Amino acid sequence: MKQFITHSASETTALGELFAKDCRRGDVLAFFGGLGMGKTSFMKGLVKGLGISADVTSPTFSLVNEYKGEKYTVYHFDMYRISTWEDLYSTGFFDYLESDAILACEWSENIENALPEDAVYIRIQRGALENDRVIDIGRGEEFYEDFGD
Ligand SMILES: Nc1ncnc2c1ncn2[C@@H]1O[C@H](COP(=O)(O)OP(=O)(O)OP(=O)(O)O)[C@@H](O)[C@H]1O
Ligand SMILES: [Mg+2]
């Protein structure tokens, strides 16, 4: 697991862009962290870093946004309103999971039981100062080894 601290939205976006280098086809990126923590800011950089030019916003009403580039396709979910398996099925999550697209899920707290074992966990928490964010990133087991839950 790696830990980063950012001090502004643009720094979080820059971190997302850097992180794109570690992203592979078929990855599931699971964002944890409450309202306004910077999940979408991170996604803006990530999508750019994957070579896709798209307008990245929280898929609040659509539930899922699709960004298609030459090399990668990204499905960006907002799980804020997802509370049942039926809700989750209706987003197409399980269909996209079988493709080689990259899936990114804001509010993964709501779908924790449905995440694959090798999901990449991206946990964003508030830091000491108002605009500080502590961002922990780890893949599946590696993340839990460091957190012990
Ligand atoms: N270090 C930081 N990183 C990211 N955002 C920051 C930071 N400091 C302040 N902010 C502010 O926090 C907000 C983050 O918004 P963003 O949409 O990225 O969050 P989010 O986690 O996707 O929220 P939501 O759960 O509502 O979708 C923005 O208003 C941004 O300016
Ligand atoms: Mg968001």
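Before going into details, it helps to say that this report is about the structure given with it. (Residues numbered from 1 in each chain as written. Chains lettered and ligands numbered in written order. Predicted model: local features only at pLDDT ≥ 70, side-chain atom pairs only at ≥ 80, totals over all residues. Heavy atoms only, no water.)

### Structural notes on the site of ligand 1
By nearness alone, 18 residues border ligand 1, and Thr12, Lys39, Thr40, Ser41 and Asn131 come closest of all. For ligand 1, an oxygen atom lies 3.1 Å from a polar atom in the side chain of Glu106. Protein burial of ligand 1: of its 640 Å² of free accessible surface, 72% is covered by the chains. Looking at the shell around ligand 1, the elements with two or more residues in it are helix H1 (9-19) and helix H2 (39-49). (Near = heavy atom within 4 Å. Polar contact = N/O pair within 3.5 Å; in protein donor to acceptor, adjacent residues only side chain to side chain. Areas by Shrake-Rupley, 256 points an atom, 1.4 Å probe, with all protein chains shown as cover. Helix = DSSP H or I, 4+ residues; strand = E, 2+ residues; numbered from the N terminus.)

### Quick word on the environment of Gly127
Along the chain, Gly127 turns up in the loop between strand E6 (120-126) and strand E7 (133-139). Taking the C-alpha atoms as reference, Gly127 lies 8.9 Å from His7; in sequence the two are 120 residues apart. Look past the residues within four positions of Gly127 in its chain and what remains in contact with it is Asp132, Arg133 and Val134. (Contact = heavy atoms within 4.5 Å.)

### What to know about the layout of surface pockets
The volume enclosed by the largest pocket comes to roughly 260 Å³. What lines the largest pocket is Lys2, Phe4, Leu15, Leu18, Phe19, Asp22, Arg24, Val120, Ile137, Gly138, Arg139 and Glu142. If you list the elements that add at least two residues to the lining of the largest pocket, you get strand E1 (2-6), H1 and E7. Here the residues of the lining of the largest pocket sort into six nonpolar, one polar and five charged. (1 Å grid on protein atoms, 1.4 Å probe; cavity = no way out; pocket = protein on both sides within 12 Å on 5 of 7 lines; lining within 4 Å. Points joined across faces, edges and corners; volume = space filled by probe spheres on them. Nonpolar A, V, L, I, M, F, W, Y, C, P; charged D, E, K, R; others polar.)

### Looking at the pattern of salt bridges
Taken as a whole, this structure holds four salt bridges when the rule is applied. With a shortest N-O distance of 3.7 Å, Glu17 and Lys48 are connected by a salt bridge. Of the two residues, Glu17 is situated in helix H1 and Lys48 in helix H2; the sequence distance between them amounts to 31 residues. For Glu17, a relative accessible area of 30% puts it in the partly exposed group. (Salt bridge = Lys/Arg side-chain N within 4 Å of Asp/Glu carboxyl O. Buried < 20%, exposed > 50% of the residue type's maximum accessible area, 1.4 Å probe, protein only.)

### Points about the packing of H1 against H2
Contact pair H1 / H2: the axes reach a minimum separation of 6 Å and the direction vectors enclose 40°. In this structure, H1 crosses over H2, and the sense of that crossing is right-handed. From H1, Ala9, Thr12, Thr13, Leu15, Gly16, Glu17 and Phe19 reach across to H2, where they touch Ser41, Phe42, Lys44, Gly45, Leu46, Lys48 and Gly49. The class makeup of the residues in the contact of H1 with H2 is five nonpolar, six polar and three charged. (Axes fitted to C-alpha atoms, helices over the stretch in contact; angles between N-to-C directions. Left-handed = near helix turned anticlockwise from the far one by under 90°.)

### Topic: the coordination of the magnesium ion (ligand 2)
Of the protein atoms, only Thr40 (OG1), Ser58 (OG) and Glu106 (OE) coordinate the magnesium ion (ligand 2), at distances of 2.1 to 2.2 Å. Counting along the primary sequence, the residues that act as donors to the magnesium ion (ligand 2) give the motif T-x17-S-x47-E. With Ser58 in the loop between H2 and strand E3 (64-68) and Glu106 in strand E5 (residues 102-106), the pair connects residues that are 48 residues apart, well separated along the chain. You can call Glu106 buried: its relative accessible area is 3%. (Donors = N, O, S within 2.8 Å, 3.2 Å for Na, K, Ca; no water.)

### What about the pairing of E7?
Where burial is concerned, most of E7 is hidden: six out of the seven residues are buried. With five bridges joining them, E1 and E7 adopt antiparallel strand pairing. Within the sheet, the bridge partner assigned to Lys2 lies in E7 and is Ile137. From the end of E6 to the start of E7, which pair antiparallel, there are six residues. (Pairing = 2+ DSSP bridges.)

### With respect to the nonpolar core
Membership of the largest hydrophobic core comes to 24 residues, with the highest contact counts inside it found for Phe19, Leu29, Phe42, Met43, Leu46, Leu50 and Ile122. If one sorts the elements of this core by residue count, H2 sits on top with four residues. Apart from the residues within four sequence positions on either side, Leu50 is in contact with Ala20, Cys23, Tyr72, Val74 and Ile102. Tyr75, Phe94, Ala114 and Leu115 belong to the second largest nonpolar core, which has 21 residues in total. (Core = buried A, V, L, I, M, F, W, Y, C linked by side-chain atoms within 4.5 Å.)

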